[in-house]
Every structure is written in structure tokens, then in C-alpha cells.
Amino acid sequence: MKSLTYLDGEWQEGNPPVLGPATQATWLGSVIFDGARSFEGTAPDLDRHCQRACASAEKMGMKSPVSAEEIERLAREGIAKFPADTALYIKPLMWAEDGWIYPDPATTRFMLHIFESPLPEPKGFSAHISSRRRPAPDQAPTDAKAAALYPNAGRALREANEAGFDNAIMLDPVGNVAEFATSNVFMAKDGLVKTPVPNGTFLNGITRQRIIKLLREDGVSVEEATVTPKDLREADEIWSTGNHAKVTPLSRFEDREMQPGPMAARCRELYWGFAKKNAAL
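Residues numbered from 1 in each chain as written. Predicted model: local features only at pLDDT ≥ 70, side-chain atom pairs only at ≥ 80, totals over all residues. Heavy atoms only, no water.

A. Quick look at the pairing of strand β6 (residues 108–116). Note that strand β1 (residues 3–7) and β6 share five bridges and pair antiparallel. The partner of Leu7 across the bridge, within β6, is Met111. Sheet topology places strand β5 (residues 88–96) next to β6; nine bridges connect them, and they run antiparallel. Bridge pairing links Lys91 to His113 in β6. (Pairing = 2+ DSSP bridges. Helix = DSSP H or I, 4+ residues; strand = E, 2+ residues; numbered from the N terminus.)

Right, here's the structure in full:
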């Protein structure tokens, strides 16, 4: 699949080598990224993803060498280099070149990676409760979209796959539901939508925020609250929201088969309507 990277003032094809053995980020982990999408002639909330990339860099002790507005401009420039309507993943990254343990903010570098990435079909997926948990805010940089957070999510996902599931529900340090290993989680019960209240253990996703707003504007009651594994086991339907797949229904939770439900379908309908109306390229 076609892949372009903007680095040091020019666009390059493929996967250019950028990290050396002495680079602070290579061995000490100071890397952030964000993810946006372009599909069907739209780029929903692209500005907010670019803003979050800059904010994540600051929270990791770095200093963005480019503004959010410049990242968005470059993203749109890159999108235009692909055939119209190509489904793309848009990934700004920043990392530190120097620093001992913590990064030297003056050495922060930036690149933008854009690549073809078809949107997954909303056929449904399976998940179980993971033995891995999301960390507390005083245990990890949970307020940033930091690459350092993803190895534990990867372990949860591997554990799920080896147990015969597609994904994993990760709990917070006290045993309440935080999110899927790869995205935020929603549930519906008797017409009420619930999603875990942001408590610092997981990112309050941009797609998550958009779905909440769209549902409430549509007259649906949405409650951000403590969600327990028991709540999920008793839910009428469960679905995920995230940048990669946007809205995807859960079709099996542990040993319980579930049918993709009307609320998840409505979320997709509302999101696509928002994208077409407000985020055209």
C-alpha cells in the first residue's frame, strides 16, 4: 500500500529510517503520535488530532517544532497526493533526539506519516476481560498519546488473540472498565448509553467525544459513569469507538454471543453524517 512521510521539509515514499542508537527516543522512549482519518472525501476532526499531537508532546516534556495549524496544512497536502476517496491513516509523530532519561525539549523532531488503510467493515468483533490493566495517572503518561503506553495494550491484545478473541477489555487499577486495548468502549442498556467516565487512566478519545455529542444532539441519554465488568455482561449491546475503525459493534463478549445493535448502528450513521456535512476536504 502507498505510504508517504513528510520529514525535514520533504515528502518521501515508504518507511524512511529516522532513529539512531544514540537517539533519546530509541532507548528511552520519548515518542508521541496521533492518528486521524481521511475517507470518502472527508477528514473528521483533523484539526483536533493535530492539536492533540502538540499537546501530547508538551505533556511528555517535549516542545513541538511545528504548530497544530502547520501539521493540519501538511496533512491536507499529503492527502491530496493520494487518489480521491482513498481511505488513509494520518499519523503525526514527535520524538526527542537528546536528553538523559527525560527529553531535551529543544531537540524535538517531527514527521508526518500518511498511508493507505481501508476502514474495517463493521461486522462485529469478540473481546474478553484482560488480565492487563491501564495504569493510574501517577504511574504512566496517561494524559498523552505516548508510544510508551502501547506495549502493555499490545500484551493485552496478544493475550486476547491467544485465547480466541479479537480484542480485550482493559480495567483500570481499581477494577472498573477503562477501554478496549485499542479503542474506547460504549454500552447500551434499556435505551441508556453508558461509557466509562474519564478518570485519567485512558485517553478521552476524539471520536469518543464526537459520538457522545452526536448522540446527545440526537436525543439519546448518554451517561459518563463508572462501568463495571458486570455492567458489560448485562448490556443489551456494546461497541467501540476509535480513529482506526470509528464505530464497531461487539458480537461476542467472553462466552456470550451478541447481535450488533441499533445504537451502534445509529452511532455510525450519525458519525458519517457529521463527517459528510462538516469535514469535507
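B. Structural detail: the pattern of salt bridges. The tally for this structure, following the rule as stated, stands at 19 salt bridges. For the salt bridge of Arg109 with Glu97, the shortest nitrogen-to-oxygen distance reads 3.3 Å. Of this pair, Arg109 sits in strand β6 while Glu97 sits in the loop between β5 and β6; the two residues are twelve residues apart in sequence, bridging distant segments of the chain. Residue Glu97 is classed as buried on the basis of its relative accessible area of 18%. (Salt bridge = Lys/Arg side-chain N within 4 Å of Asp/Glu carboxyl O. Buried < 20%, exposed > 50% of the residue type's maximum accessible area, 1.4 Å probe, protein only.)

C. Expanded view of the nonpolar core. Residues Ile32, Leu46, Ile90, Met94, Phe110, Leu112 and Ile114 are the most contacted members of the largest nonpolar core, which totals 30 residues. Elements with a contribution of two residues or more to this core: β1, α2 (46–59), α3 (68–79), β5 and β6. Not counting chain neighbours up to four residues away, the residues in contact with Leu46 comprise Ala36, Glu72, Ala75, Arg76 and Ile90. By size, the runner-up hydrophobic cluster in this structure holds 22 residues, among which are Phe186, Tyr271, Trp272 and Ala275. (Core = buried A, V, L, I, M, F, W, Y, C linked by side-chain atoms within 4.5 Å. Contact = heavy atoms within 4.5 Å.)

D. Quick peek at the environment of Ala106. Mapped onto the fold, Ala106 is located in the loop between β5 and β6. Judged by its relative accessible area of 70%, Ala106 is exposed.

E. Broad picture of helix α7 (residues 262–278). Over its 17 residues, α7 runs 24 Å from end to end, which matches the ideal 24 Å to within 8%, given 1.5 Å per residue. When α7 is considered as a whole, its buried residues turn out to be Met263, Ala264, Cys267, Arg268, Leu270, Tyr271, Trp272, Phe274 and Ala275. Where α7 is buried, its residues meet β10 (184–189), β11 (192–196), α5 (206–217), β13 (237–242) and β14 (246–253). (Expected span 1.5 Å × (residues − 1).)

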